[in-house]
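Descriptive analysis of the structure
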Amino acid sequence: MTTTSVHDAAVDQVWAMTTAHLHARALHVVADLGVADLIGDDPVPVSELAAACGVAHHSLGRVLRLLADLGVFRHGPAGVEHTAMSRLLRTDHAGSLRAFAQLMALDVVWHGVASLETAVRHGTTGIAEIAPNGLFDYLAEHPAQAQLFDNAMQAKARADVDAVIRAYDFSPFGTVADIGGGTGQLLNAILTRHRTVRGILFDLPHVIAQAGVDDAHLTTCAGDFFTDPLPAADLYLLMEVLHDWPDRGTTAILRGVRAACRTGAVVLVIESLPSDEHPDPRARTLDLLMLAVSGGQERSPSELDRLLTATGFRRTAVLDIAGPLRIAEAVAV
Ligand SMILES: C[S@@+](CC[C@H](N)C(=O)[O-])C[C@H]1O[C@@H](n2cnc3c(N)ncnc32)[C@H](O)[C@@H]1O
């Protein structure tokens with residue numbers, strides 16, 4: 001029989017993994033309260049932070065103490081100071097993760113994660129009980145959570161868009177349609193770089209209502225990609241859209257694109273696209289999030305190929321780009 005010492009590194013690791021939800025919750029709480037925005041270049045006492053947030057001083061202090069042990073904030077003699085990690089929770093940081101932390105803390109997301117076992121046992125999402133019609137119907141009915149979701153998508157896109165537009169030449173295309181394009185981060189960046197391209201942003205009505213449209217080259221189209229016809233275009237963008245859906249939904253979206261486009265039109269599927277040759281723990285984490293919350297999955301290029309082929313497309317390339325995403329290019333055949 002193998003014996004383990006209490007100092008066994010494996011024990012420490014499993015203990016830390018088993019309690020990692022408390023680390024996550026501590027981050028969620030300070031992100032929601034906006035604690036990082038209250039600290040500038042100088043330290044701030046916990047009592048002042050608690051008063052500004054209107055929360056219990058001792059409780060906030062304990063949360064901040066754990067985070068400081070993990071490298072998020074530092075406790076100095078004069079109060080709480082920033083570290084490189086805590087600065088990422090500031091709203092005004094160029095690579096801010098505050099909105100992402102708030103997204104992970106949304107009731108619907110947390111409920112799904114807490115109900116992962118339901119997803120595993122029954123093959124449904126973890127949110128079926130509170131959101132029987134799925135994540136996006138739930139968000140349409142909960143505007144405050146939808147706003148946080150859109151903020152998080154904008155922040156995520158800010159980090160990823162640059163890598164996409166550097167990696168792909170959009171200049172040959174007359175019209176580019178971003179399907180499930182959110183509030184237009186990617187499309188706006190493409191149109192800013194390529195003044196000959198016209199853009200069509202397609203998303204649900206409550207999302208399109210939040211999109212900033214101040215470019216004559218950009219038109220918006222509010223609709224449901226499962227029930228409404230999609231616009232005609234030369235290039236279609238699907239950035240982190242297909243991974244939200246199980247195969248049936250993904251197939252329906254691709255069929256909608258194929259029905260709208262001419263043979264030879266191009267589709268870019270931009271998501272993590274993990275594979276055995278391209279393992280990515282972040283993609284595996286996202287995959288479980290999709291299982292729990294949306295019913296979707298992160299697909300490998302070969303898993304995606306099966307769905308592309310069934311819907312009238314042929315994959316022509318997979319491009320590695322800077323950052324966590326990859327681009328699968330396919331052509332309508
Ligand atoms: C994960 S977000 C990705 C947003 C954007 N492409 C990006 O990467 O930042 C998925 C998007 O799909 C949109 N969406 C979900 N269901 C939809 C539907 N039935 N019809 C149109 N858009 C939908 C959501 O509103 C959301 O903007």
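Scoring rules and cut-offs
Residues numbered from 1 in each chain as written. Predicted model: local features only at pLDDT ≥ 70, side-chain atom pairs only at ≥ 80, totals over all residues. Heavy atoms only, no water. Helix = DSSP H or I, 4+ residues; strand = E, 2+ residues; numbered from the N terminus. Rg over C-alpha atoms; globule rule 2.2 N^0.38 Å. Buried < 20%, exposed > 50% of the residue type's maximum accessible area, 1.4 Å probe, protein only. Lys, Arg positive; Asp, Glu negative; His and termini not counted. Charge placed at Lys NZ, Arg CZ, Asp CG, Glu CD. Contact = heavy atoms within 4.5 Å. Near = heavy atom within 4 Å. Polar contact = N/O pair within 3.5 Å; in protein donor to acceptor, adjacent residues only side chain to side chain. Areas by Shrake-Rupley, 256 points an atom, 1.4 Å probe, with all protein chains shown as cover. Nonpolar A, V, L, I, M, F, W, Y, C, P; charged D, E, K, R; others polar. Phe/Tyr/Trp six-rings, centres within 6.5 Å; stacked < 30°, edge-to-face > 60°. Lys NZ or Arg CZ within 6 Å of the ring centre and 35° of its normal. Disulfide = S-S within 2.5 Å. Core = buried A, V, L, I, M, F, W, Y, C linked by side-chain atoms within 4.5 Å.

The name an unreviewed UniProt entry assigns to the chain is O-methyltransferase, from the organism Amycolatopsis echigonensis.

We now examine the overall build of the chain. Within the chain, the regular secondary structure consists of 15 helices and 9 strands. Compactness check: the chain gives a C-alpha radius of gyration of 22 Å against a globular reference of 20 Å for 333 residues, within 12% of the reference. Dimensions along the principal axes, computed over C-alpha positions, put the chain at roughly 65 × 60 × 35 Å. Of all 333 residues assigned to the chain, the portion counted as buried reaches 47%. A distance of 3 Å separates the average location of the 25 positive side-chain charges in the chain from that of its 39 negative side-chain charges.

Our next topic: the environment of threonine 83. Along the chain, threonine 83 falls in the loop between strand S2 (79–81) and helix H5 (84–87). Assessed through its relative accessible area of 12%, threonine 83 is described here as buried. Sequence separation of threonine 83 and phenylalanine 73 is 10 residues, and the distance between their C-alpha atoms is 5.1 Å. Once residues lying within four places of it in the same chain are set aside, the contact partners of threonine 83 are Gly71, Val72, Phe73 and Arg74.

On to the site of the ligand. Near the ligand there are 19 residues, and of these Lys156, Gly180, Asp203, Phe225 and Met239 occur at the shortest range. Separating a nitrogen atom of the ligand from a backbone N or O atom of phenylalanine 225 is a distance of 2.9 Å. Within the complex, 96% of the 590 Å² of free accessible area of the ligand lies under protein. If you list the elements that add at least two residues to the shell around the ligand, you get helix H10 (143–167) and strand S4 (198–203). Taken together, the residues that form the shell around the ligand break down as 10 nonpolar, 4 polar and 5 charged.

Evaluation of the coordinates by the stated rule reveals 7 aromatic pairs. Ring geometry for phenylalanine 225 versus phenylalanine 226: centroids 5.0 Å apart, planes at 90 degrees, classification edge-to-face. For phenylalanine 225, a relative accessible area of 16% translates into the label buried. Measuring from centroid to centroid gives 6.2 Å for phenylalanine 225 and tryptophan 245, while their planes differ by 80 degrees, and the two rings are edge-to-face. A residue pair is termed long-range when its members are at least 10 positions apart, and phenylalanine 225 in the loop between strand S5 (218–222) and strand S6 (235–239) and tryptophan 245 in the loop between S6 and helix H13 (247–260) qualify at 20 residues. Each member of the pair phenylalanine 225 and tryptophan 245 is classed as buried. Joined through ring pairs, the aromatic side chains of Phe136, Phe149, Phe225, Phe226 and Trp245 make up one cluster. Across from the ring centre of tryptophan 110, 4.0 Å away, lies the NZ or CZ of arginine 25, which sits over that ring.

In this structure the tally under the stated criterion is 0 disulfides. The thiol of cysteine 221 is not disulfide-bonded; the next cysteine sulfur, from cysteine 261, is found 15 Å away. Residue cysteine 221 is classed as partly exposed on the basis of its relative accessible area of 25%. The exposure class assigned to cysteine 261 is buried, which follows from its relative accessible area of 9%.

The next subject is the nonpolar core. By size, the foremost hydrophobic cluster in this structure holds 47 residues, and its most contacted members are Val109, Leu135, Ile179, Phe225, Tyr236, Leu238 and Phe313. Ignoring any residue separated from it by four or fewer positions in sequence, one finds isoleucine 179 in contact with Phe202, Phe225, Leu230, Pro231, Tyr236, Leu237, Leu238 and Val241. If you look at the next biggest cluster of nonpolar residues, it comprises 28 residues, including Ile165, Leu218, Leu237 and Leu268.

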